[in-house]
Amino acid sequence: MGVSNKAILCVDDERTVLLGLRDQIAKHFGDRYRYEIAESVNEAWEVIDELDQDGVRILIIVSDWLMPGTRGDEFLIQIHQRFPSIVTVLLTGHADETAIERARQYANLHAYIAKPWSEETLIDVIRSGLGKLDDESSDCLCG
Amino acid sequence: MQSKPYKDSILIVDDAPNNIRVLVELLTQSGFQVAVARSGEQALERIPEATPGLILLDILMPGIDGFETCRRLKANPETRDIPIIFMSALTDVVDKVKGLEMGGVDYLTKPIVHAEAIARINVHLSLRQAQRRLVQEEKMAALGQLVAGIAHEVNTPLGAIQASISNITSSLEQTLKELPILLPTLSPAQQASFFGLLDWVRQSKVMLSSREERQLKCTLKQKLADYQLPHPDRLADTLSKMGVTAALDPILPLLQAADAPAILETAYQLSIVQNNSRNIQLAVERATKVVCALKNYVRQDMVSAPVHAAVAEGIDTVLIIYQNQIKCGIEVERRYASLPQLLCYPEELIQVWFNLISNAIQAMNYRGKLAIATSKQDEHIVVQIADTGSGISPEIKARIFEPFFTTKAMGEGTGLGLSIVNDIIAKHHGRIEVESTPGHTVFRVWLPLNFSALESNRIRKQ
Ligand SMILES: Nc1ncnc2c1ncn2[C@@H]1O[C@H](COP(=O)(O)OP(=O)(O)OP(=O)(O)O)[C@@H](O)[C@H]1O
Ligand SMILES: [Mg+2]
């Protein structure tokens, strides 16, 4: 069995959140994807570049909103400009309406999840995000 | 705001029994609670025990006169805010002016005209109350701004806890199915290394970054291949997820088992239980800190005795409350010396740090460097708060501690922050200095370590 060349990336400045998230997502999707975590936007870009070099495709990014340096909505907008096919999800403890609106408009935000989140919501959002990819993209996930 | 009954009490300080009788009658009829002191000395003795809402102070008295009594009341941070109305038969303008200069709020000429006296007293009582309410409202407004940020601070650990619980539940469910079947198939040596592995995972507090995990996986794969073990890929995958950076020798018996991948998978599930439990603990600590910080901030105006406390803790409380506004654009440098505890009013000091830090953040427009340092100098604890903000121009530097002095837009600042800071520091017998050039502003607070000696000195002097 080879290691998947498709990844789900979680970005949050809080390690406890990252660990919880990663284990949660891994539990549901098993070996199908790689689960990457980054503690800051800078680290996220590093991970993205590395994965890019290794030929791994990031399908979904789940990002916190309030982080040092760049905010989640700005980050997702930048992501969308460079990788328009990546599905973007905001996860935040505090809903800033304008930021969410901005992300909807400029980052094609797939969903916004409020902290504390329920596992069901998170998994549904990721699943529907992946589903959206299947519909849109030509390279199919079968096989 | 409900005013406490004693706040509406009035203390008459006069040596003439006749005057006292007339005033007591008048004031009682008008619904005030009245207390009497027959000399300046007696007044100074009594006031700390039962703080009146207002003082009617005769000027000419044997012993210390009204002016001196007033001076001493104004010198004490605890009594300086009580409004004082001077009374005297002196109609001399010079005396009226002197009384007002000494900090009196008004002047009544004897013989006292009843209606006028009551009207003036009422005006000053309600002014005082309005002022107190304003200070309170200011604090509440600041609190309101913080609530949104704090929602994030609390929801984040809550989210982590919720996720971790669901992870623990499913991992437990899975291992409970597998473990009873798996364990009997393991030799004693294999069992020992199974539990050894779990111990190792529990004790290693590090959480690897994705990149470290990937590098670890590569290294592990190589090592496993060197040992000529089957399934190096799957084993490396599971081991790296568990963050196993230790030598592989102790778990070799396990890795050599025929169903090593399944065994490791079970160990991994158990490590999820361990890691997520620790995660919950961390998250609870985080949430507790935030809640404590909030409680510290709101607890206030309690007439309490000073206690020994660590100054740095109060500063950290404020930094926790402000975490959100700080973390996006402000670099915080904390240099705390190891210091003795300080006898102080910790909640009030928190307000000092709160105001100084929020001023600094605002002056930097939420971007820049906030440097906080504590040290011990000349039997004082010195707290220094520096920012890289706009700075304070020389023209206004002398005025910033005045109540209601602000350069901020309407609704942004009331200008009460630094005057509150000043009062609280005075209460601690400390002092505050400020140095500022554009791009570098430092507030330095000096708090004496011999608070109790200074305090008893003050009381003796009265
Ligand atoms: N660190 C600082 N850098 C630059 N200016 C400052 C700084 N701290 C205080 N000031 C100046 O001093 C003034 C008075 O500060 P103060 O804290 O008393 O009131 P405020 O901040 O304006 O309002 P409030 O604290 O009530 O919200 C400020 O308006 C600002 O002009
Ligand atoms: Mg202020």
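Scroll up for the structure.
Bear in mind that the values here come from a model prediction, so they are computed numbers and not experimental data.

(A) Local environment of helix α4 (residues 97-106) of chain A. Residue and element names in this part refer to chain A. All of the buried residues along α4 are Ala-99, Ile-100 and Ala-103. One side of α4 holds all its buried residues, which, seen down the axis, span an arc of 100°. For α4, exposure combined with an orientation more than 90 degrees from the buried face picks out Glu-97, Thr-98 and Gln-105. Those residues of α4 that are buried lie in contact with α3 (72-82), β4 (87-92) and β5 (111-114). Downstream of α4 by one or two residues, Asn-108 has phi in the positive range, about 50°.

(B) Representation of the sheet that holds β5(A). All names here are of chain A. Taken in spatial order, the five strands make up an open sheet running β2-β1-β3-β4-β5, and their pairing is parallel. Only two strands of the sheet have a single partner each, and these edge strands are β2 (34-38) and β5. Neighbour-to-neighbour, the strand axes of this sheet turn through a mean angle of 20°, independent of strand direction. Looking at chain direction, strand β3 (residues 57-64) and β4 are connected through five bridges and run parallel. Its bridge partner lying in β4, Ile-60 is registered against Val-87. Taken strand by strand, helix α2 (residues 41-53) contacts β1 (6-11), β2 and β3, and its axis lies near 145° from that of β2.

(C) Quick peek at the site of ligand 1. Residue and element names in this part refer to chain B. Around ligand 1 lies a shell of 21 residues, among which Glu-138, Thr-406, Thr-407, Lys-408 and Thr-414 are the nearest. One of the side-chain N or O atoms of Thr-407 is found 2.4 Å from an oxygen atom in ligand 1. Within the contact set of ligand 1, an oxygen atom lies 3.5 Å away from a backbone nitrogen or oxygen of Gly-417. Burial of ligand 1 by the surrounding chains reaches 94%, relative to a free accessible area of 590 Å². Listing elements by their share of the shell around ligand 1, those giving two or more residues are α12 (346-363), α14 (417-427) and β12 (440-448). The greatest single-element share of the shell around ligand 1, amounting to three residues, is contributed by α12. The class makeup of the residues in the shell around ligand 1 is eight nonpolar, nine polar and four charged.

(D) Up close: the interface of chain A and chain B. Between chain A and chain B, the residue contacts involve 39 residues of the former and 35 residues of the latter. Our enumeration of links across chain A and chain B arrives at 14 residue pairs in polar contact (both at pLDDT 80 or more). Counting residues per element, the ones that place at least two in the side of chain A that touches chain B are α1 (15-29), β2 and α2 of chain A. A per-class count over the side of chain A that touches chain B returns 14 nonpolar, nine polar and 16 charged.

What counts and what doesn't
Residues numbered from 1 in each chain as written. Chains lettered and ligands numbered in written order. Predicted model: local features only at pLDDT ≥ 70, side-chain atom pairs only at ≥ 80, totals over all residues. Heavy atoms only, no water. Buried < 20%, exposed > 50% of the residue type's maximum accessible area, 1.4 Å probe, protein only. Helix = DSSP H or I, 4+ residues; strand = E, 2+ residues; numbered from the N terminus. Arc of directions from axis to C-beta. Contact = heavy atoms within 4.5 Å. Pairing = 2+ DSSP bridges. Axes fitted to C-alpha atoms, helices over the stretch in contact; angles between N-to-C directions. Near = heavy atom within 4 Å. Polar contact = N/O pair within 3.5 Å; in protein donor to acceptor, adjacent residues only side chain to side chain. Areas by Shrake-Rupley, 256 points an atom, 1.4 Å probe, with all protein chains shown as cover. Nonpolar A, V, L, I, M, F, W, Y, C, P; charged D, E, K, R; others polar.

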